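Chain by chain, the residues:
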Amino acid sequence: MTFFICLGVPLYQAQLQARALDTWRDAELVAQLRWDDFLAADRASRRGAFAAYVAALDAEAAAAGELAEAHSDLAEAA
């Protein structure tokens, strides 16, 4: 398990940031896998593979939003 400790950031906040980063990385990996599935799909399953890819992109976008929210302290400091 990786622990991130930032000066001036409470430990709980650092844990939330690390969890949000891990969630985004996982979502990004799923999106990449769904894209690979789409590229390898035959004509009959291509529509479903693309829908799965779009859903994975939506999940990645949601995870990116949570990551940005977890790092809102950086936005306030800027």
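In case you missed it, the structure is sitting above this.
Here's what I pulled together on the structure shown here. (Residues numbered from 1 in each chain as written. Predicted model: local features only at pLDDT ≥ 70, side-chain atom pairs only at ≥ 80, totals over all residues. Heavy atoms only, no water.)

This part covers the packing of aromatic side chains. Under the counting rule described, the total for this entry stands at 4 aromatic pairs. When the centroid spacing of 5.3 Å and the interplanar angle of 35° are considered together, the rings of Trp 35 and Phe 38 count as tilted. With Trp 35 and Phe 38 both in helix H1 (residues 11–40) and 3 residues apart, the pair spans about one turn of that helix. Relative accessible area serves as the criterion here: at 30%, Trp 35 is assigned to the partly exposed category. Following the ring pairs from residue to residue traces out a cluster consisting of Trp 35, Phe 38, Phe 50 and Tyr 53. Of note, Arg 46 hangs over the ring of Phe 38, and the distance from its end group to the ring centre comes to 4.2 Å. (Phe/Tyr/Trp six-rings, centres within 6.5 Å; stacked < 30°, edge-to-face > 60°. Helix = DSSP H or I, 4+ residues; strand = E, 2+ residues; numbered from the N terminus. Buried < 20%, exposed > 50% of the residue type's maximum accessible area, 1.4 Å probe, protein only. Lys NZ or Arg CZ within 6 Å of the ring centre and 35° of its normal.)

Attention now moves to the pattern of salt bridges. Counting across every chain of the model gives 1 salt bridge. With a shortest N-O distance of 3.6 Å, Arg 34 and Asp 37 are connected by a salt bridge. One end of the pair is Arg 34 and the other is Asp 37, both in helix H1 and 3 residues apart, which spans about a single turn. We classify Arg 34 as partly exposed; its relative accessible area is 32%. (Salt bridge = Lys/Arg side-chain N within 4 Å of Asp/Glu carboxyl O.)

Moving on, we come to the side chain of Glu 60. Mapped onto the fold, Glu 60 is located in helix H2 (residues 46–70). Buried charge Glu 60 goes without a salt bridge, the closest partner of opposite sign being Arg 25 at 11 Å. Excluding residues within four positions of it along the chain, Glu 60 makes contact with Trp 24, Ala 27, Glu 28 and Ala 31. (Lys, Arg positive; Asp, Glu negative; His and termini not counted. Contact = heavy atoms within 4.5 Å.)

Geometry only, nothing functional implied.
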